[in-house]
Every structure is written in C-alpha cells, then in structure tokens.
Amino acid sequence: MATLKMLNMAGAEVGEIALNDDVFAITPNEYAVHDVIKNYLACQRQGTQSAKTRGEVRGGGRKPFRQKGTGRHRQGHSTDPSQIGGGIVFAPKPRDYRYRINRKVKKLAMKSALSDKVANGEMIVLDSLSFEAPKTKEMIKVLENVKAEGKALIVMAEKDENVIKSAANIPGVRTVLVGTMNVYEIVHHTNFIATEAAIKKIEEVYA
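Residues numbered from 1 in each chain as written. Predicted model: local features only at pLDDT ≥ 70, side-chain atom pairs only at ≥ 80, totals over all residues. Heavy atoms only, no water.

### Notes on the overall build of the chain
Logical step 1: The helix and strand tally for the chain stands at seven helices and six strands.
Logical step 2: The helix and strand sequence of the chain, counted from the amino end, reads β-β-α-α-α-β-α-β-α-β-α-β-α.
Logical step 3: Compactness check: the chain gives a C-alpha radius of gyration of 27 Å against a globular reference of 17 Å for 207 residues, more than 25% above the reference.
Logical step 4: Across its three principal axes, the chain shows a C-alpha extent of roughly 90 × 40 × 25 Å.
Logical step 5: Per-residue burial for the chain yields a buried fraction of 37% across its 207 residues.
Logical step 6: Intrachain contacts of the chain at a sequence separation of at least 6 include 68% that bridge at least 24 residues.
Logical step 7: With an accessible surface of roughly 12900 Å², the chain has 49% of that area assigned to carbon and sulfur atoms.
Logical step 8: The chain carries 32 positive and 23 negative side-chain charges, and their two centres are separated by 21 Å. (Helix = DSSP H or I, 4+ residues; strand = E, 2+ residues; numbered from the N terminus. Rg over C-alpha atoms; globule rule 2.2 N^0.38 Å. Buried < 20%, exposed > 50% of the residue type's maximum accessible area, 1.4 Å probe, protein only. Contact = heavy atoms within 4.5 Å. Areas by Shrake-Rupley, 256 points an atom, 1.4 Å probe, with all protein chains shown as cover. Lys, Arg positive; Asp, Glu negative; His and termini not counted. Charge placed at Lys NZ, Arg CZ, Asp CG, Glu CD.)

Structure, rendered in structure tokens:
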C-alpha cells in the first residue's frame with residue numbers, strides 16, 4: 001500500500017497517510033484518459049456557430065450576367081458559394097456536441113489520473129485546510145509552504161466558502177469538491193492538493 005507524507009498548512013510533516021492501491025497505484029490507462037478528456041471538452045462546446053447556405057442568403061432570382069461574351073465564367077445564381085456574398089458550402093449549424101461515455105471508462109480514467117499524480121510526486125496531502133476569513137494572502141502562503149509551484153487543483157471533502165474565496169483570485173489555482181472534480185482538471189493542473197478527508201472520500205467513491 002502506497003504512503004504519502006501528510007503536511008500541515010505551514011508545510012511541516014505531521015505524519016503519513018496510506019493510499020488505497022486500487023485507486024492511487026494502478027497502471028495509468030492513457031487511452032481511457034484521452035477518451036474521457038475528449039468527451040469532457042466536447043461537452044463544453046456551446047455548438048451555437050451558424051452560417052448561411054446558398055438557400056438562405058439574400059439575393060438571387062435572376063442570372064447575374066449573360067452566359068457568353070463577358071470573358072467571365074458562366075454563372076446562373078448570385079448566391080452560389082463561388083460568388084462574393086454567396087452562401088457557404090456545408091455551412092455549420094447549431095448542434096449538440098455532447099455524447100455519452102461508458103461509466104467504467106470514466107472510473108478507469110479517474111484512477112489513472114490520480115495514480116499518475118502519485119507516481120510523479122505531484123500529489124500533496126494536507127491534514128486540514130481552513131481559514132477564519134477569506135484571505136488570498138493566506139492561501140498564497142500555504143501554497144508556498146507546501147511548495148506547490150505552477151497550477152494547483154485544491155480538492156475538498158466539504159464546501160468551505162473561506163477556502164474557495166481565498167483561492168478565487170489566484171491565477172492557475174482552482175478549488176473543487178470530490179464530487180465535482182474531473183479528469184481534465186486533474187491532468188491540466190500540475191499539483192493535486194487534497195485534504196486527508198478528501199482522500200478518504202475519494203477512496204470511498206472510486207475503490
């Protein structure tokens with residue numbers, strides 16, 4: 001069973017935490033991670049793009065110029081895609097890009113992302129994380145104490161407004177709950193910072 005050092009908010013080691021190998025020590029499946037991230041990004045697309053086809057463009061009705069004698073190519077309609085102001089060939093229309101993905105693949109991808117963080121030393125476990133009031137400076141200090149350089153994903157077991165507001169204005173730092181974290185954000189952020197309670201909850205959900 002893998003173990004990680006557990007730190008406090010001052011960056012001092014206060015013990016160790018044993019991690020469930022079924023969640024944090026599997027061989028990462030790159031294909032599952034790729035499929036889930038692709039699905040996540042597809043679901044984020046608004047799908048509101050729209051352009052007019054030749055049947056929707058205003059104009060047309062009569063031949064724009066005579067068939068012969070102009071030195072130009074023959075043309076029968078001003079809304080033809082080859083004309084300035086004409087329609088668009090295969091014009092994009094509003095559509096829904098969302099699609100479903102197998103639940104087992106999602107679970108495998110999540111375990112793979114978490115295991116990769118542990119294997120690369122990018123997971124930081126805190127015994128607790130709380131503030132008396134929202135203070136961005138205090139959150140920055142905590143990140144410096146635990147040596148979380150670069151982008152950081154802070155995972156909490158329960159919602160804490162003071163923690164959320166303290167991290168809200170720090171570039172590259174995002175706070176999520178165990179139930180709302182996703183594979184894309186885990187991979188996108190360099191550091192995965194979780195409280196001891198969050199780790200236990202992750203194991204309950206994914207073990």
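### With respect to unusual backbone geometry
Logical step 1: The backbone of Phe-90 sits at a positive phi, close to 50 degrees, despite the residue not being glycine.
Logical step 2: Residue placement: Phe-90 occurs in the loop between helix H2 (30-44) and helix H3 (103-119).
Logical step 3: In this model, Lys-147 sits at a positive phi of 60 degrees, which is unusual for a non-glycine residue.
Logical step 4: Within the secondary structure, Lys-147 is located in the loop between helix H4 (136-145) and strand E4 (152-156).
Logical step 5: With relative accessibility at 67%, the residue Lys-147 sits in the exposed group.

### Some thoughts on the side chain of Gln-75
Logical step 1: Position of Gln-75 relative to the elements: it lies in the loop between H2 and H3.
Logical step 2: From its side chain, Gln-75 meets the backbone nitrogen of His-77 in a polar contact 3.4 Å long.
Logical step 3: For Gln-75, the residues in contact, after removing those within four places along its chain, are Lys-63, Pro-64, Phe-65, Asp-80, Ser-82 and Gln-83. (Polar contact = N/O pair within 3.5 Å; in protein donor to acceptor, adjacent residues only side chain to side chain.)

### Concerning the nonpolar core
Logical step 1: Within the largest apolar cluster, 32 residues are counted, with the highest numbers of intra-cluster contacts made by Phe-24, Leu-114, Met-123, Val-155, Met-181, Phe-192 and Ile-202.
Logical step 2: Here this core takes five residues from H3, the largest share from any one element.
Logical step 3: Among the nonpolar cores identified, the runner-up in size contains 18 residues, and Leu-126, Val-146, Ala-167 and Ile-170 belong to it. (Core = buried A, V, L, I, M, F, W, Y, C linked by side-chain atoms within 4.5 Å.)

### Structural notes on the pairing of strand E6 (residues 191-195)
Logical step 1: Across the five residues that make up E6, a large majority, five, are buried.
Logical step 2: Going residue by residue along E6, you find Asn-191, Ile-193 and Thr-195 tucked away on one face and Phe-192 and Ala-194 tucked away on the opposite face as well.
Logical step 3: Taken together, the four bridges between strand E3 (residues 123-126) and E6 define a ladder with parallel strand orientation. By the bridge assignment, Ile-124 is partnered in E6 with Ile-193. (Pairing = 2+ DSSP bridges.)

### So, the packing of aromatic side chains
Logical step 1: Considering all chains together, one arrives at one aromatic pair under this definition.
Logical step 2: A centroid spacing of 5.2 Å and a plane angle of 20 degrees characterise the contact between Tyr-40 and Tyr-184, whose relative ring orientation is stacked. With a gap of 144 residues between them, Tyr-40 in helix H2 and Tyr-184 in helix H6 (residues 183-188) connect regions that are remote in the sequence.
Logical step 3: On the basis of relative accessible area, Tyr-40 is assigned to the partly exposed category, the value being 23%.
Logical step 4: The class of Tyr-184 is partly exposed, set by a relative accessible area of 27%. (Phe/Tyr/Trp six-rings, centres within 6.5 Å; stacked < 30°, edge-to-face > 60°.)

### Describing the sheet that holds strand E1 (residues 3-7)
Backbone hydrogen bonds are what pair the strands of a sheet, in a parallel or an antiparallel way.
Logical step 1: Taken in spatial order, the six strands of this open sheet run E2-E1-E3-E6-E4-E5, and their pairing is mixed. A strand with exactly one partner marks an edge of an open sheet, and here the two such strands are strand E2 (13-18) and strand E5 (173-177). Averaged over all pairs of adjacent strands, the angle between strand axes in this sheet comes to 30 degrees, irrespective of strand direction.
Logical step 2: Examined bridge by bridge, E1 and E3 share two bridges and lie parallel to one another. Along E3, the bridge assignment pairs Met-6 with Val-125. (Axes fitted to C-alpha atoms, helices over the stretch in contact; angles between N-to-C directions.)

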